[in-house]
Amino acid sequence: MEIIIRENRQVASEAAARVVARIVREKPNAVLGLATGSTPLTLYKELIRLHKEEGLDFSEVSTFNLDEYIGLEKEHPQSYHIFMWENLFSQINIKPENVHIPDGMAVDIPASCAAYEREIVAAGGIDVQVLGIGSDGHIGFNEPTSSFASRTRIKTLTQQTVADNARFFEGNEACVPHHCITMGIGTIMDARMNLMLAFGEGKADGIAATVEGPVTAIMPASILQHHPNAKVFIDEPAATKLQLAEYYRWVYDGKPEWQKDA
Ligand code: F6R
């Protein structure tokens, strides 16, 4: 695991965006795994800027989102479809047919989950998967005790996640769906690179457990310790509980500039 601590969310997101941009430049038909929530918004703004100002080309890129609520129409303001189109896709030159987001209204959800897995494989696999981390340690919506071998499937959100996500539903917990479709941990671990972002002191415990704690299903993100190419971009507040923070800073600061985007 590579831990990259930057002074704030903006600088950390710009550093993460340079990694994604490097991958897209080297492989124009790259497959990106994407997340929703507050965390990746600054990264997406930076990717939009790179597209508009530096010509970063998404015309051959494909995307697969991690998750979607069950029971929300694509047009629902809180659906992850709307989130992704508003915050990224409408502002870059991606082809709509190259965008994949689980269908929370599928009639046969298990079949649509299996088809999602097949589509990822058919696209050549995910080159870089963007991840946030839930306050309970989830990645995607793989809540604590999710199997490390899991694939795309239905999950029930924890009460903690329902409470956390109520802010996207005007603070009304009763409106937050309890069920979702999420890529599995096995699906996420198949990505060639995992790129986790976490900002703010509220993420400090989860980041410390993910990076320095035991690998355990009660802290799903800790599985990233087993990934051959996992990068964790965090701001200073999210780094406050790390025992080896000084070491991580020293490693990153000592790298030549080109290697920071590798
Ligand atoms: C969303 C997702 C979740 C979020 C996590 C953190 O697609 O996969 O794992 O990344 O719940 O959410 P925020 O970023 O809102 O703190």
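Structure: see above.
Keep in mind it's a predicted model, so treat the numbers as computed, not measured. Just so you know, the residues in each chain are numbered from 1, in the order the chain's sequence is written. For this predicted model, a pLDDT threshold of at least 70 governs which residues receive local features, and a threshold of 80 or more governs which side-chain atom pairs are given and counted, while totals over whole chains, interfaces and linings are taken from all residues. To obtain the side-chain values, all non-hydrogen atoms of the structure were used and water was disregarded.

Attention shifts here to the side chain of H100. Position of H100 relative to the elements: it lies in strand β5 (residues 99-100). Throughout this description, a polar contact denotes any pair of N or O atoms lying within 3.5 Å of each other; where both atoms belong to protein, one of them has to be capable of donating a hydrogen while the other can accept it, and for residues adjacent in sequence the pair is counted only when both atoms sit in side chains. A polar side-chain atom of H100 sits 3.3 Å from the main-chain carbonyl oxygen of N98. Contact between two residues is taken to exist if any of their heavy atoms lie within 4.5 Å; hydrogens are not considered. Excluding residues within four positions of it along the chain, H100 makes contact with T63, F64, N65, Y116 and E119. Secondary structure follows DSSP: runs of H or I at least 4 residues long count as helices, runs of E at least 2 residues long count as strands, and numbering of each begins at the N terminus.

Another aspect to go through is the site of the ligand. Close to the ligand lie 15 residues, the nearest being T39, D67, H138, G140 and R167. Separating an oxygen atom of the ligand from a side-chain N or O atom of D67 is a distance of 2.7 Å. Take R167: an N or O atom from its side chain is 2.6 Å from an oxygen atom of the ligand. With the chains in place, 94% of the 410 Å² that the ligand exposes on its own is no longer accessible. Asp, Glu, Lys and Arg are counted as charged, while Ala, Val, Leu, Ile, Met, Phe, Trp, Tyr, Cys and Pro are counted as nonpolar; the rest, among them Gly, fall into the polar class. When its residues are assigned to classes, the shell around the ligand shows four nonpolar, eight polar and three charged. Residue proximity to a molecule or strand is established when one non-hydrogen atom of the residue lies within 4 Å of it. In short, Shrake-Rupley with a 1.4 Å probe defines the accessible areas, and a residue's cover is counted only from the protein chains shown.

On to the pairing of strand β8 (residues 179-182). By the bridge criterion, three bridges tie strand β4 (residues 67-69) to β8 in an arrangement that is antiparallel. The partner of Y69 across the bridge, within β8, is C180. In the sheet, strand β7 (residues 153-156) pairs with β8 via four bridges, with the strands oriented antiparallel. Across the sheet, the residue bridging to T156 is H179, located in β8. When DSSP finds two or more bridges between two strands, those strands count as paired.

This next bit is on the environment of D190. One can find D190 in the loop between α6 (185-189) and β9 (193-198). Type-normalised accessible area, obtained with a 1.4 Å probe on protein chains alone, sets the label of each residue: buried when under 20%, exposed when over 50%, and partly exposed for intermediate values. Judged by relative accessible area, which is 52%, D190 ranks as exposed. Along the primary structure D190 and R18 are separated by 172 residues, whereas in three dimensions their C-alpha atoms are 22 Å apart.

Let us look at the pattern of salt bridges. Pairing between side chains of opposite charge can happen when their charged atoms approach one another. A pair is scored as a salt bridge if a Lys or Arg side-chain nitrogen falls within 4 Å of a carboxyl oxygen belonging to Asp or Glu. Tallied over the full model, the rule gives 18 salt bridges. One salt bridge in this structure joins R6 and D253, with 3.7 Å as the shortest N-O distance. Of this pair, R6 sits in strand β1 (residues 2-6) while D253 sits in helix α8 (residues 245-253), and the two are 247 residues apart along the sequence. Among the ionic pairs, K260 bridges to E257, the shortest N-O distance being 3.2 Å. Of the two residues, K260 and E257 are both situated in helix α9 (residues 257-260); the distance of three residues between them amounts to about one turn of the helix. Judged by its relative accessible area of 11%, K260 is buried. The network of salt bridges with common partners includes R25, E46, R49, E53 and E54.

For helices, the fitted axis covers only the stretch in contact; all axes are lines through C-alpha atoms, and the angles between them, taken along N-to-C directions, range from 0 to 180 degrees. For the pair helix α2 (residues 41-54) and helix α3 (residues 80-87), interaxial distance at closest approach is 10 Å and the crossing angle is 40°. With respect to α3, the axis of α2 lies oblique. Between α2 and α3, the contacting residues are L41, Y44 and I48 on the first element and F83, M84 and N87 on the second. In terms of residue class, the contact of α2 with α3 is made up of five nonpolar, one polar and no charged. By definition in this entry, angles of less than 35 degrees are roughly parallel, angles greater than 145 are roughly antiparallel, angles of 65 to 115 are roughly perpendicular, and the rest are oblique.

The next thing to look at is α8. Every buried residue of α8 is listed here: A245, Y248 and Y252. End-on, the buried residues of α8 take up no more than an arc of 65°, which puts them together on one face. Along α8, the residues that are exposed and aim more than 90 degrees away from the buried face are E246 and W250. Those residues of α8 that are buried are in contact with β1, α1 (9-26), α7 (204-212) and α9. The directions considered for the arc are those from the helix axis to the C-beta atoms.

Now for the environment of I154. With respect to the secondary-structure elements, I154 resides in strand β7. Taking the relative accessible area as the measure of exposure, I154 reaches 41% and is therefore partly exposed. Not counting the four nearest positions on each side in its chain, I154 is found in contact with I70, I109 and C180.

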